[in-house]
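Working through the structure, step by step
Each chain, letter by letter, is given below.
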Amino acid sequence: MLHTYTYPQYAYRQSDEQREGRRVRYPVVVIGAGPVGMTQALDCAFRGIPTVVLDDNNTVSVGSRAVCYAKRPLEIWDRLGLGDDLVAQGVQWKVGKVFFRDELVYQFDLLPEEHHKMPAMINLQQYYLEERLVRACDESPRVDLRWKHKVLAVEPQSDHVVLTVETPDGIFKMEASWLIACDGASSDTRRMIGADFIGQFFQDRFLIADVVMKADFPTERWFWFDPPFHRHQSVLLHKQCDNVWRIDFQLGWDADPNEEKKPERVIPRIQAMLGPDVPFELEWVSVYQFACRRIDRFRHGRVIFAGDAAHQVSPFGARGANSGVQDCDNLSWKLKAVLEGDAPESLLDTYHDERAFAADDNILNSTRSTDFITPKSRTSLRLRNAVLELARTEPFARPLVNSGRLSTPTPYVHSPLNTPDTEPFAGRMAPGTNCADAPIERDGRPGWLLNQLGDGFVLLSFGPAEPVRVGGVEARVLQVGRDLIDRAGVLAERYDGQPGTVYLIRPDQYVAARWRRFDRAAATVALARALSHANA
Amino acid sequence: MPLNRHPHIIDPDAFYEELINAQRDLSDEQAEMFLAKLVLILANHVGDRSVLSQAIALARANTLAVAPPH
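Heads up: these notes are all about the structure in this document. Counting starts from 1 at the beginning of each chain's written sequence and moves along it residue by residue. For this description, chains carry letters from A and ligands carry numbers from 1, given in the order in which they are written. Where local features are concerned, this predicted model is filtered to residues with pLDDT of at least 70; where side-chain atom pairs are given and counted, the filter is 80 or more; whole-chain, interface and lining totals use all residues.

**Considerations on unusual backbone geometry**
Residues and elements named next belong to chain A. Residues other than glycine seldom take positive phi values, yet Arg 101 does so here, at roughly 55°. Here Arg 101 is to be found in the loop between strand S4 (95–100) and strand S5 (103–109). Exposure classes come from backbone-placed C-beta atoms, where a residue is buried if 20 or more other C-beta atoms lie within 10 Å of its own, exposed if 12 or fewer do, and partly exposed in between. We classify Arg 101 as partly exposed; it has 14 C-beta atoms within 10 Å. The phi dihedral of Asp 496 falls on the positive side, at around 45°, and the residue is not glycine. Numbering of helices and strands starts at the N terminus; helices are DSSP runs of H or I of at least 4 residues and strands are runs of E of at least 2. If you trace the backbone, Asp 496 turns up in the loop between helix H12 (490–494) and strand S26 (502–505). Residue Asp 496 is classed as partly exposed on the basis of its C-beta count, with 17 C-beta atoms lying within 10 Å.

**Thoughts on the pairing of strand S10 (residues 170–181) of chain A**
All names here are of chain A. Between any two strands, pairing holds if DSSP finds at least two bridges. Bridge analysis of strand S1 (residues 25–31) against S10 gives six bridges, and the strand direction is parallel. Directly across from Val 29, in S10, lies its bridge partner Leu 179. Looking at chain direction, strand S9 (residues 161–167) and S10 are connected through seven bridges and run antiparallel. Pairing of Glu 166 across the sheet is with Ile 171, part of S10. Counting the residues between successive antiparallel strands, the hairpin from S9 to S10 contains two residues. Two elements, S10 and strand S19 (residues 303–305), share three bridges in a ladder whose sense is parallel. Residue pairing for S19: Ile 180 is matched across the bridge by Ile 304.

**Let's talk about the sheet that holds strand S23 (residues 457–461) of chain A**
All names here are of chain A. What the five strands build is an open sheet, ordered S24-S25-S23-S26-S27; its pairing is mixed. Since the sheet does not close on itself, it has two edges, and those belong to strand S24 (468–470) and strand S27 (511–515), each with one partner. Pairwise comparison of adjacent strand axes, ignoring direction, gives a mean angle of 20° for this sheet. Where helix H13 (residues 520–530) meets the sheet, it contacts S23, S24, strand S25 (473–479), S26 and S27, and its direction lies at approximately 40° from that of S24. Under this scheme, a helix contributes an axis fitted over its contacting stretch, all axes are lines through C-alpha atoms, and angles between N-to-C directions fall in the 0 to 180 degree range. Two residues qualify as a contact pair if the distance between their C-beta atoms, derived from the backbone, is within 7 Å.

**Looking at the interface of chain B and chain A**
Size of an interface: often given as the accessible area lost when the parts come together. In this assembly, six residues from chain B lie in contact with eight residues from chain A. Its residues assigned to classes, the side of chain B that touches chain A shows three nonpolar, one polar and two charged. Residues are sorted three ways: Asp, Glu, Lys and Arg are charged, Ala, Val, Leu, Ile, Met, Phe, Trp, Tyr, Cys and Pro are nonpolar, and all the rest, Gly among them, are polar.

None of the figures reported here should be taken as evidence of function without further support.
Given below as C-alpha cells:
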C-alpha cells in the first residue's frame, strides 16, 4: 500500500543460549524495539551495559505514527551519535498557519532560539527513525537485538526477573537483572505485573492519513479548527520527508472508525482540504484512539517501565515518543551506577520521581490543548471561538490559541537529587534543568557544549575546580577558558557564568548543583546526593 | 495585588448604558460572543494573574451563592 517506503524484514536468529538450552542472566533486557526500546538499549550500551532487546515482530512501525521529534530527544540521539543523520533526513518547518472555519486566522514564523546544535524539532516518519535506530543497534557490540522473540511470561524475583520467551524455534527461559518494559501503550508486561494504568481524563479518536503530494506544496504546518470539510473537529497537516504529508483528523468519540477509514470517505475530505487543484495519492490511513493516563509506579522492583508503557498522552504537542526518549536518558545512567555498585537501588526510585513528574506535566499540557481543541461545554466553545475570532486582528489573543504546545523538557524542580541553590543566579539553569547547549571552541575548532559533556558527571567551571569522587564515580572538570573557549559568550550568558561559578552536571546532562566558587566538600556532598546516597 | 472590589468606574450609569447598547441589535448568539470577547480583552488588559484568579473566583462564588433558577 505504501508507494514511498518498503518495509525492511529483519532476520530472526536463534540465540546460542536457546540452541544450547542454557539459561543466561543478562544485566539489562529491554522488551520492545520501538523508538523508546531501541534508544534505551543504545543508551545502556553507551554507558557500557550489554543489553538484550526482545521484539515480537521483525520490522519497523507501520505508517508514519510519531512524526515530530523535539530538540531534547534530538540532543539525546546526538549523544548517541545519531543526531546529524536524523536532522539531515528530517524536515523542518518554519511557518505555521491557523484556520478557523474557512478562513486563515493568522500565521506565525517559528523563531527558534539561536545557538543550539539541534533544531527546535524535525518531522520524520517513525519508520525512518526506527530504521536508523536498528542500524545503530546492529553496529553496537553491546546491543543484542532479537527479532521474533515474544515474551510470554515475566516472573519477578528478589534480585532478577525470569522471562519466558517464544521464538520460531520454541520456548525458552532467560533472566534479567533489570527488565525494562518499552512495549507500548497496551504493554503486556504492565498487565503481567498487574500495575495500574490510571488517570483517564478523556478519550478521543483520530484518523491519520499519509498523503503523497503530486505537486509543490508549502512546507508549513496547518491547523484547522472546525473546518468546512470536517465540521466541529480539528485537522492538522504537516510535512514529512519524501513529499509525504501527514494529516490528522480528529474524529470524536462517537465516530465509527471503520466507516471513517474508507477511501471513498477520506479522499473527498482531503481534496476539500487541499483545494480542488492539488493532486495527491493516499498512501496510508489508520484510526487510533488515545487516553491520558500513566502507570502508578515507573519501577516495580526489578521491572521498570518507559515510554508509552508508562504513560500515554494525546498527540497534541508531540509528547509521546519525545517523553519516552527522555525516560531512557534518565534511566540508563542510574542503572549503570546501581549495576556497578556505585549507588543504592533507591537511585532508581528517583527515575519514578523525575519521570512521573514529567509525565504528569505532559498530561497537563496535553489536557489543556485538548480542552481548547475540543471544548466540553457551550460556554467553553464560545470562549474558544472568541479567542479564534479575536486572533484574526488582535495579537494578544494569539498566545491563547492552543493547537498543541511543542514538547519541551520538564525540569525536575522537586527532585531529591538536586542540591538547592544557596546563592542567586540569573537565567534558566537551576538545579533539575537540562543543560542548554551553547557554541564553544575546542582545540581551535568550533563545537558544542553538550558534545563535550561525555558519559559521566562533569564539573563545568568558569574558574578553578578539581575533580571530586564518591566511591567509583568521579566528576571530572571541564573548565571554560582552559578546556573549551566561550568565544561567542553564549555559554556564560546561558549559565550566568560569572568568574568562579561551578556547575555539577549529571550524566544525562541535567544540572544537579551549582555554586559561585569551587568547594571540594560541597561538591562531594552534592555528587553523593545526586547518586542518592543516604544523608548526603 | 488585591482585586479592586470597590466602585471604580466613573459615571457608572453611562458605562452600563454603553454596555447594553453595544449588544442591543445583536442576536443572542452574537451577544454571547460579544461578552466572551469582552472578558478576554479586559483580562488581557489586566494581565496580573493573581487579580484574574481573584476575579474568576469571585464570579464563580457569587454565581454559586445564588439559588439556581427552577
